[in-house]
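# Observations on the model geometry
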Amino acid sequence: MTVVKFTNGQKNGALKSPYSDIFSSLFNPDPFQAKGLVTRIPAVNIAETESAFQIELATPGLGKDDFKINVEKNQLTVSADKKPEESQVSDGKKYNRREFNFNSFTRTFTLPETADQSNIQAEYRDGVLFLTVGKKEEAKIQVREISVK
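As the structure is a prediction and not an experimental result, all values here were calculated from the model. For every chain, the first residue of its written sequence is number 1, and the numbers climb from 1 along that sequence. With the structure being a predicted model, the display of local features is reserved for residues of pLDDT at least 70 and the display and counting of side-chain atom pairs for 80 or more, all residues being used for whole-chain, interface and lining totals. Computation of side-chain values: all heavy atoms of the structure, hydrogens and water removed.

### Structural notes on the overall build of the protein
Formally: The way it works is that DSSP assigns letters per residue, a run of H or I at least four long becomes a helix, a run of E at least two long becomes a strand, and they are numbered from the N terminus. Exposure categories follow from relative accessible area, calculated using a 1.4 Å probe and restricted to protein chains: below 20% of the type maximum is buried, above 50% is exposed, and the middle band is partly exposed. Note on definitions: a residue-residue contact is assigned when non-hydrogen atoms from the two residues lie within 4.5 Å.
Per the secondary structure count, the protein includes two helices and nine strands. Starting at the N terminus and walking to the C terminus, you meet the elements of the protein as α-α-β-β-β-β-β-β-β-β-β. By the burial criterion, 16% of the 149 residues in the protein qualify as buried. Once local pairs closer than 6 in sequence are excluded, the contacts in the protein between residues at least 24 apart make up 55%.

### Observations concerning the nonpolar core
Our working rule: For this analysis, a nonpolar core means a set of buried residues of the types Ala, Val, Leu, Ile, Met, Phe, Trp, Tyr and Cys, connected via side-chain atoms within 4.5 Å.
Membership of the largest hydrophobic core comes to 15 residues, with the highest contact counts inside it found for Leu57, Phe67, Leu76, Val78, Phe105 and Leu131. Ignoring any residue separated from it by four or fewer positions in sequence, one finds Leu57 in contact with Pro42, Ala43, Val44, Val78, Phe105, Arg107, Gly127, Val128, Leu129 and Leu131.

### Considerations on the pattern of salt bridges
Note the cut-off: Definition used for salt bridges: Asp or Glu carboxyl oxygen within 4 Å of a side-chain nitrogen of Lys or Arg.
Inspection of the entire model under this criterion finds two salt bridges. Put simply, Glu123 and Arg125 hold a salt bridge, and the shortest N to O gap is 3.1 Å.

### Focus on the environment of Asp65
Inspection of the secondary structure puts Asp65 in the loop between β2 (52-58) and β3 (67-72). Residue Asp65 is classed as exposed on the basis of its relative accessible area, which comes to 72%. For Asp65 and Lys82, which are 17 residues apart along the polypeptide, the C-alpha to C-alpha distance reads 9.8 Å.

### Observations regarding the confidence of the model for the protein
Convention followed: Confidence per residue, as judged by the predictor, is encoded in pLDDT with a range of 0 to 100.
Looking at the protein as a whole, the pLDDT averages 77, with 63% of positions reaching at least 70. Every residue in residues 34-38 is under pLDDT 50, and counting partners more than four places away or in other chains gives one contact.

Written out as structure tokens, the structure is:
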């Protein structure tokens, strides 16, 4: 069964065909479904502490072996490639509809001059990839007390 949305109460109803609502719902997909189809790049959070830069990428459904992380010059590149299962039958289930979508993505971040490229750690936990990029020693905020003479 397909649910068709009708736009009741619009002002220019006299100019519209009675079938325009049906056809527009077929050719203009549901905004929730369209949003899922368009968003193929994971959302990211970037934070800075006194000693490091922290990058978090929301990547549910991937495993830690799916990621490839490279540093070249001052560019940090995070990519993933996961192929969907070709079979419509898996684990004894025959799928009638599959909306889980696993595709590849690439995100590139320009590292500042204060970043220590030899001090980068990555951890994947609960669908989030955590990257920690250390800062160079001279870039860390040094606190000292200055005495008054």
